[in-house]
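# Tertiary structure, described
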Amino acid sequence: MAKNSGSLKSTIAVSLTNYLDAGAIVAGASGLTLWQNYLGLSEVHLGWLNFISANCLGAAIGAIIGGFLADKYGRKFIFTYNLLVYMLGVLLIMFSMNFPMLLCGFLVTGISVGVGVPASWTYISESSEINNRGRNICISQMSWGVGPMCILLFGMLFAPGGYLFGWVEAVAHLFGGADMLQEAVNAFSSRIVFFTLFVVAFIAWNLQRRLQESSEFTAQKDSAEKTGLMENIKVLFSNKIAVRTVIFLATIYLTWNLVASVMGFFQPHIYETAGGVSNETANWMNCIQWAIIVGITFIVSKLIDKTSHKAIYTFGLLVAIAAWLVIVTIGVNGMVGLWLFAILWGIQGGTSPQIFYALWGSELFPAKFRAGAQGLMFFIVRGLSAVWGLIFTYIYGENGEGFTIAAFCMIALLTISLIVGFIGVPNTRCRALEDITKERYGDNY
């Protein structure tokens with residue numbers, strides 16, 4: 001099936017979903033201490049925010065729904081309506097006055113993120129040329145890095161002590177009166193950061209709802225009987241190859257994401273508590289780290305369709321393990337250890353298993369349940385990440401006293417991802433999706 005030579009344009013439009021995914025996680029993370037001080041939240045409260053957010057359970061719920069909806073009604077169906085839900089969630093966060101309202105906003109935003117991710121990765125692969133599929137997935141991943149980088153920059157500009165905090169104070173007093181408590185004023189910097197996500201979501205919604213439906217989905221839909229959600233789930237689980245593929249991909253992604261999800265949400269907070277740096281310094285370090293991720297991902301985008309996937313995958317996991325070895329050797333009580341960890345974690349982020357999960361997840365399943373399979377895996381991964389996020393807060397402690405123990409747990413998880421991925425790397429580079437499907441599933445799919 002011929003692919004549209006303009007796949008780069010549609011890739012950029014769809015990749016804004018990744019910007020909004022990572023942006024929602026980091027927007028919450030960068031202002032976590034501000035919300036904590038404003039609402040008087042404990043570490044357990046912060047764990048619950050992570051538990052139901054775009055980082056974990058919210059996205060998990062959305063993914064399993066969105067994946068199968070994308071297979072039943074089309075990828076364009078998701079693009080037409082989903083970001084309206086995202087904007088609603090962001091508005092709830094922006095106007096939060098108490099913990100339940102903030103929690104609800106994080107949940108709604110997270111569900112929307114989950115709904116959009118399987119459809120986005122599927123659409124990118126189905127609309128790509130065979131020699132550019134890896135590149136386009138990397139572009140999507142770059143958007144996942146640009147989002148946090150921009151959000152952190154906004155966070156630093158608007159944060160207490162930032163260059164634009166005077167403007168934030170003026171806006172806060174305009175809405176809350178001249179006698180607002182300082183903690184409430186400070187929280188307005190996070191509200192404004194979330195407003196930038198609302199603007200990007202509105203732009204993305206207008207771009208994505210104009211996209212044409214995936215040609216692979218259209219062809220599959222025209223040739224197959226109409227099935228419901230439960231029928232698609234049964235088809236997925238009745239195929240042994242598909243089940244084995246779900247186990248493989250879920251394993252490599254889960255073991256890495258258990259680490260990455262914690263860092264995505266808690267990293268600035270960890271730098272402040274375990275590292276002892278200010279909120280502004282923590283956000284600067286995190287911003288530079290995301291810039292490294294974007295730069296490395298750009299390099300990988302030039303190589304991934306020409307170079308061994310096993311080599312890139314292995315390199316990334318080895319660097320990730322090295323980053324956490326810094327924690328258990330040098331530690332993060334000094335700037336040398338903090339910066340070394342930040343740089344190494346940034347390098348691994350540009351070659352992370354998420355790139356290969358997104359790529360292989362769309363290559364190793366037939367169009368009939370391609371998005372649904374990804375949604376199922378995303379549900380498993382982010383759901384378990386939600387549980388792990390709660391456990392992590394207890395291991396970590398109120399002031400980071402358990403961070404070294406947590407680091408050993410992270411090393412073990414990353415080692416599993418390395419070993420399983422190294423053994424199971426599939427032979428899909430620069431091959432047509434139809435050929436891969438025929439080889440793995442025969443002519444019936």
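What comes next is a walk through the structure.

Quick look at the overall build of the protein now. Regarding its fold elements, the protein presents 19 helices and zero strands. Against the 2.2 N^0.38 benchmark of 22 Å for 445 residues, the protein shows a C-alpha radius of gyration of 21 Å, consistent with a compact globule. Taking all 445 residues of the protein together, 61% fall into the buried category. For the protein, long-range pairs separated by at least 24 residues make up 83% of all intrachain contacts whose partners lie at least 6 apart in sequence. Summing over all exposed atoms, the protein offers an accessible surface of approximately 16500 Å²; the carbon and sulfur share of this is 69%. Taken together, the 25 basic and 23 acidic charged side chains of the protein have centroids lying 11 Å from each other.

Glancing now at the packing of helix α14 (residues 309-329) against helix α16 (residues 353-363). Contact pair α14 / α16: the axes reach a minimum separation of 9 Å and the direction vectors enclose 145°. Each of His 309, Ile 312, Tyr 313 and Leu 317 in α14 lies in contact with α16, whose residues at this interface are Pro 353, Phe 356, Leu 359 and Trp 360. A class-by-class count of the residues in the contact of α14 with α16 yields seven nonpolar, one polar and no charged.

A cluster of nonpolar side chains, contributed by Phe 195, Val 199, Phe 202, Ile 203 and Leu 207, occupies part of the molecular surface with about 430 Å² of accessible area. Positionally, Ile 203 belongs in helix α9 (residues 182-208).

This brings us to the nonpolar core. In terms of nonpolar packing, the biggest core is built from 134 residues, with Trp 324, Trp 345 and Phe 365 touching the most fellow members. The element contributing the most residues to this core is helix α12 (residues 240-273), with 16 residues. Those residues within four positions of Trp 345 in sequence are excluded, and the remaining contacts are Val 259, Ala 260, Met 263, Gln 267, Gln 289, Ala 320, Ala 323, Trp 324 and Leu 414.

Even without a glycine there, the phi angle at Cys 430 is positive, about 60°. Positionally, Cys 430 belongs in the loop between α18 (403-424) and α19 (433-441).

As for its placement among the helices and strands, Ser 15 is situated in helix α1 (residues 7-30). Given a relative accessible area of 2%, Ser 15 falls into the buried group. Apart from residues no more than four positions distant in its own chain, Ser 15 is found in contact with Ile 124, Ile 139, Ser 140 and Ser 143.

Our focus in this paragraph is the pattern of salt bridges. Any two side chains of opposite charge can pair, so long as their charged atoms come close to each other. The final tally for this structure, using the stated rule, is five salt bridges. In this structure, Arg 75 and Asp 71 form a salt bridge, with 3.0 Å as the shortest nitrogen-oxygen distance. The class for Arg 75 is buried, based on a relative accessible area of 0%. Owing to a relative accessible area of 5%, Asp 71 belongs among the buried residues under this scheme. Notably, a salt bridge pairs Glu 126 with Arg 75, separated by 2.7 Å at the nearest N-O pair. Taken as a pair, Glu 126 in helix α6 (residues 99-126) and Arg 75 in helix α5 (residues 75-94) lie far apart in primary sequence, 51 residues in all. Here the residues in one salt-bridge network are Asp 71, Arg 75, Glu 126 and Arg 370, joined through shared partners.

Conventions we followed
- Residues numbered from 1 in each chain as written.
- Predicted model: local features only at pLDDT ≥ 70, side-chain atom pairs only at ≥ 80, totals over all residues.
- Heavy atoms only, no water.
- Helix = DSSP H or I, 4+ residues; strand = E, 2+ residues; numbered from the N terminus.
- Rg over C-alpha atoms; globule rule 2.2 N^0.38 Å.
- Buried < 20%, exposed > 50% of the residue type's maximum accessible area, 1.4 Å probe, protein only.
- Contact = heavy atoms within 4.5 Å.
- Areas by Shrake-Rupley, 256 points an atom, 1.4 Å probe, with all protein chains shown as cover.
- Lys, Arg positive; Asp, Glu negative; His and termini not counted.
- Charge placed at Lys NZ, Arg CZ, Asp CG, Glu CD.
- Axes fitted to C-alpha atoms, helices over the stretch in contact; angles between N-to-C directions.
- Nonpolar A, V, L, I, M, F, W, Y, C, P; charged D, E, K, R; others polar.
- Patch = residues over 30% accessible without salt bridge, like charges linked within 9 Å, V, L, I, M, F, W, Y side chains within 5 Å.
- Salt bridge = Lys/Arg side-chain N within 4 Å of Asp/Glu carboxyl O.
- Core = buried A, V, L, I, M, F, W, Y, C linked by side-chain atoms within 4.5 Å.

It is worth stressing that arrangement in space is one thing and function is another; only the former is reported here.
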